[in-house]
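# Summary of the model geometry
One-letter residues, chain by chain:
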Amino acid sequence: MVDKIAAIVKEAGQMVRSAQDIGAHTHTKTSDADLVTDYDVAVEQFLRRELLSLLPEAVFYGEEGEKAPDPTRGWAFIVDPIDGTTNFVRGIRQSAISVALAKDGDLRWGVVYDPGKEELFTAERGCGAFLNGRPIHVSARPLAKGIFIMGTAIYRREYLRPTMELATALFARSCDFRRLGSAALDLCYVACGRGELFFEYSLCPWDFAAGALLIEEAGGRVSTMAGTPLRLDRRCSVWASNAENFSLLAELPVERNLL
Ligand code: 2AM
Ligand code: CA
């Protein structure tokens, strides 16, 4: 299954790589910070068609199109056609196609593909996590010798203060941080040890579903900032890290109940 999903996702990656004149194909959604391009929509339509022909009994829960009413019942594809759309629009090569396949709310397969760098992250529940076919693992570094990666919940401007308070506290306990712009890739980077920890308030399931499985299969841990399991049917805050740093959640100024 993972190879079949990966082949489809790589073909979609070719659509992303060959995109031309992206600015002329960009539209705003809820605000000037919330963008969609014609490429997001075309890639999602392609993925919907191809993935559902792979597993016709599944439902499809994607960012840009009609969504299945409940992705936690039966088989469900949870899909972001382009995660990191602002990067894509601005010519910053840090975007990914993210596809997860869940059964009754349990993530079974996850594929995240960065077409710019040709990095393919894959995971299967119980079978490990891989980057371009090689096993990956979270790092063993304490945060004091490491970096954290964060996102800023751009469409919920009122979350900036809690985000920055937490970033300030984490910065004091770490070497540095990154804000890279694709939550799916951020999670994969923690999964392969490029960073020690990731957090962002108010992500949607298509942003984190595949990356969350990558984290777990790479030996890391992931939860909401309330410490509860991530949910695939609504927005969540996301806290993900290697094993060493997960418990920091209890010691830091975290707004536990922000969705
Ligand atoms: P996107 O590029 O697919 O929109 C950046 O902080 C992260 O937040 C990206 O993964 C981005 O995904 C995601 N994001 C952007 N707009 C969002 C929205 N309205 N709801 C949830 N996540 C969003
Ligand atoms: Ca997207």
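What you see is a predicted model; the values in this text were computed from it and never measured.

What counts as what
Residues numbered from 1 in each chain as written. Chains lettered and ligands numbered in written order. Predicted model: local features only at pLDDT ≥ 70, side-chain atom pairs only at ≥ 80, totals over all residues. Heavy atoms only, no water. Near = heavy atom within 4 Å. Polar contact = N/O pair within 3.5 Å; in protein donor to acceptor, adjacent residues only side chain to side chain. Areas by Shrake-Rupley, 256 points an atom, 1.4 Å probe, with all protein chains shown as cover. Nonpolar A, V, L, I, M, F, W, Y, C, P; charged D, E, K, R; others polar. Pairing = 2+ DSSP bridges. Helix = DSSP H or I, 4+ residues; strand = E, 2+ residues; numbered from the N terminus. Contact = heavy atoms within 4.5 Å. Axes fitted to C-alpha atoms, helices over the stretch in contact; angles between N-to-C directions. pLDDT = per-residue confidence, 0-100. Donors = N, O, S within 2.8 Å, 3.2 Å for Na, K, Ca; no water. Buried < 20%, exposed > 50% of the residue type's maximum accessible area, 1.4 Å probe, protein only.

### Some details on the site of ligand 1
Neighbouring ligand 1 are 18 residues; Asp83, Gly84, Thr85, Glu200 and Asp207 lie closest to it. Asp80 has a polar side-chain atom sitting 2.8 Å from an oxygen atom of ligand 1. The separation between an oxygen atom of ligand 1 and a polar main-chain atom of Thr85 is 2.7 Å. Computed on the free molecule, ligand 1 has an accessible area of 480 Å², of which 93% lies beneath the protein chains in the complex. In terms of residue class, the shell around ligand 1 is built from 5 nonpolar, 5 polar and 8 charged.

### A look at the sheet that holds strand E8 (residues 128–131)
Read from one edge to the other, the open sheet built from 7 strands follows the order E3-E4-E5-E6-E7-E8-E9, with strand pairing classed as mixed. Only two strands of the sheet have a single neighbouring strand rather than two, namely strand E3 (59–62) and strand E9 (134–135). When E3 meets strand E4 (residues 75–83), the two strands line up parallel, connected through 4 bridges. In the sheet register, Tyr61 faces E4, and the bridge partner there is Ile78. This element, helix H6 (residues 205–217), spans E3, E4, strand E5 (96–103), strand E6 (106–114), strand E7 (119–124) and E8 of the sheet and lies at about 100 degrees to E6.

### Points about the confidence of the model for the chain
When pLDDT is averaged along the chain, the result is 97; 100% of the residues meet or exceed 70. Of all secondary-structure elements in the chain, the lowest mean pLDDT belongs to strand E2 (residues 35–37), at 92, while helix H5 (residues 183–191) reaches the highest, 99.

### Brief notes about the coordination of the calcium ion (ligand 2)
Coordination of the calcium ion (ligand 2) by the protein involves Glu63 (OE), Asp80 (OD), Asp80 (OD) and Ile82 (O), with metal-donor separations of 2.1 to 2.9 Å. The sequence motif formed by the donor residues of the calcium ion (ligand 2) is E-x16-D-x1-I. Each member of the pair Asp80 and Ile82 is classed as buried.

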